[in-house]
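# Chain and residue survey
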Amino acid sequence: MTTQQLLEQIHIKKSFLCIGLDVDLNKIPKHLLQTEDPIFEFNKAIIDATHHLCVSYKPNTAFYEAYGLKGWKALQKTINYLNEKHPEIFTIADAKRGDIGNTSTMYAKAFFEDLAFDSVTVAPYMGKDSVEPFLAFKNKHTIMLALTSNQGAFDFQTKTVDGKELYKQVLETSKSWVNAENLMYVVGATKAEYFADIRKIVPNSFLLVPGVGAQGGNLQDVCTYGMNDNVGLLINSSRGIIYASTNEDFAQAAAAKAKDLQQQMEVILNSK
């Protein structure tokens, strides 16, 4: 999927919502545990109830890898279902990969070719030769960690090195990499006050923003400081949507939470 196609979906749906499919078998409705594939059945129900309200889904691969082969098969079934039923949806493999060049190439093949995701999250700590193999894939996007929403982000990301915060150096350096136009960036919603500075460095890039909802991020603040002329934001909510109910009405409850966010986004888009 191209950035332009993603932008078209944002305007069609009046939404820049990304729903995180982070499936924990201890949290899903108990009746699903009796099915052959509880993880996929949960995802399918959430997708069926919310696909018209969001432009993206983001499975965190750890929540699938934790269940071994069954979990990986559920992930494959989920992405296949999305690609077959809703090819207009932008899919994100939240895998946070990043290794030496030949290893990164194999990670990229796994998520872009075998599983056919539109994008994958990566960690930039090992530098350009660990990220550029992901950037080499046409019409695929690499979403690089820039400034995350966890407390530990302050351990390194905001430290000043040679007079400039490290996350700013990472952003600036990444712009020089081959196929950097395929980069997007992860910026946590709980760091809303940083968005203005980030936009000075990457004014036109899409930002994937976790942390709205359960983690306390404020949608309006993020949009005030982070939105650009082409929207440029994917706001992710995971737990706040998919675990809105643990009863048999879980999908309808998830849709209600997604609808609330989508309506807020529609107001913001209409005011631009």
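Here's a quick rundown of the structure. Since the model is a prediction, treat every value here as computed from it, not as a measurement.

What counts as what
Within each chain, residue numbers correspond to sequence positions counted from 1 in written order. Note on the predicted model: pLDDT of at least 70 is required for a residue's local features to be given, and 80 or more for side-chain atom pairs to be given and counted; whole-chain, interface and lining totals, by contrast, use all residues. In computing side-chain values, all of the structure's heavy atoms are included and hydrogens and water are not. Only DSSP runs of H or I with at least four residues qualify as helices, and only runs of E with at least two residues qualify as strands; both kinds are numbered from the N terminus onward. C-alpha atoms define the radius of gyration in this analysis, and the globule rule sets the expected value at 2.2 Å times the number of residues to the power 0.38. Any residue under 20% of the maximum accessible area for its type is buried, any over 50% is exposed, and the rest in between are partly exposed; the area is computed with a 1.4 Å probe on protein chains only. Every residue pair with non-hydrogen atoms within 4.5 Å of one another is taken to be in contact. Note on areas: these come from Shrake-Rupley sampling with a 1.4 Å probe, and a residue is covered only by the protein chains present in the view. Only four residue types enter the tally: Lys and Arg on the positive side, Asp and Glu on the negative side; His and the chain ends are excluded. Note that the charge is assigned to NZ on lysines, CZ on arginines, CG on aspartates and CD on glutamates. Two strands qualify as a pair provided that DSSP identifies no fewer than 2 bridges between them. Here, axes are lines fitted to C-alpha atoms. For helices the fit covers the stretch in contact, and angles between N-to-C directions go from 0 to 180 degrees. With the strands aimed away from the viewer, a crossover counts as right-handed if its path from the first strand over the helix to the second runs clockwise. Each Phe, Tyr or Trp ring (for Trp, its six-membered ring) is paired with any other whose centre lies within 6.5 Å, and the angle between the two planes then decides the class: stacked below 30 degrees, edge-to-face above 60, tilted in between. Picture the helix axis, draw a direction to every C-beta atom, and the arc is the one those directions span.

Our focus in this paragraph is the overall build of the chain. What the chain contains, in helices and strands, is twelve helices and ten strands. The C-alpha radius of gyration computed for the chain amounts to 18 Å, which stays within 12% of the reference 19 Å derived for 272 residues, consistent with globular compactness. Overall size of the chain, expressed as C-alpha extent along the three principal axes, is 55 × 45 × 35 Å. Out of the 272 residues in the chain, the part that is buried amounts to 54%. Taking the intrachain contacts of the chain between residues at least 6 apart in sequence as the baseline, contacts between residues at least 24 apart amount to 73%. Carbon and sulfur atoms make up 49% of the accessible area of the chain, which totals about 12200 Å². Counting 27 positive and 30 negative side-chain charges, the chain places the centres of these two groups 1 Å from one another.

Mapped onto the fold, A255 is located in helix α12 (residues 250–270). A255 sits in the buried class, given a relative accessible area of 16%. With 208 residues separating them along the chain, A255 and I47 place their C-alpha atoms 9.2 Å apart. Beyond its immediate sequence surroundings of up to four residues, A255 is in contact with A49, T50 and L53.

On the basis of which strands lie adjacent, the closed barrel formed by eight strands has the order β1-β2-β3-β4-β5-β8-β9-β10 and parallel pairing. Taken over all neighbouring pairs, the strand axes of this sheet differ in orientation by 30° on average, direction set aside. Two strands pair when backbone bridges link them, and strand β2 (residues 56–58) and strand β3 (residues 90–97) are joined in this way by two bridges, in the parallel orientation. The partner of S56 across the bridge, within β3, is F90. Of the strands in this sheet, β3, β4 (119–122) and β5 (141–147) are in contact with helix α5 (residues 101–114), which crosses β3 at around 155°.

On to the pairing of strand β1 (residues 17–20). Going residue by residue along β1, you find L17 and I19 tucked away on one face and C18 and G20 tucked away on the opposite face as well. Across three bridges, β1 lies against strand β10 (residues 233–237) in parallel orientation. Residue pairing for β10: I19 is matched across the bridge by S237. In this structure, β1 lies alongside β2, joined through three bridges in parallel fashion. Among the inter-strand pairings, G20 is bridged to a residue of β2, identified as K58. Following the chain from β1 across helix α2 (residues 38–50) to the adjacent parallel β2, one finds a crossover that is right-handed.

As enumerated under the stated definition, the model contains seven aromatic pairs in all. Arranged with centres 5.9 Å apart and planes meeting at 80°, the rings of F40 and Y81 form a pair that is edge-to-face. Residue F40 is found in helix α2, and its partner Y81 is found in helix α4 (residues 68–85); the two are separated by 41 residues along the sequence. Judged by its relative accessible area of 11%, F40 falls in the buried class. Judged by centre distance (5.3 Å) and plane angle (10°), the ring pair of F42 and F250 falls under stacked. Placement of F42 in helix α2 and of F250 in helix α12 is noted, with a sequence separation of 208 residues between them. Joined through ring pairs, the aromatic side chains of F42, Y243 and F250 make up one cluster.

Of the residues making up helix α8 (residues 166–174), those classed as buried are Y167, K168, L171 and S174. Along the long axis of α8, the arc covered by the buried residues comes to 135°, so they all point the same way. Structurally, α8 contributes buried residues whose contacts are with β5, β7 (164–165), β8 (183–187) and α9 (195–201).

Geometric descriptors of this kind do not, in isolation, establish any biological role.
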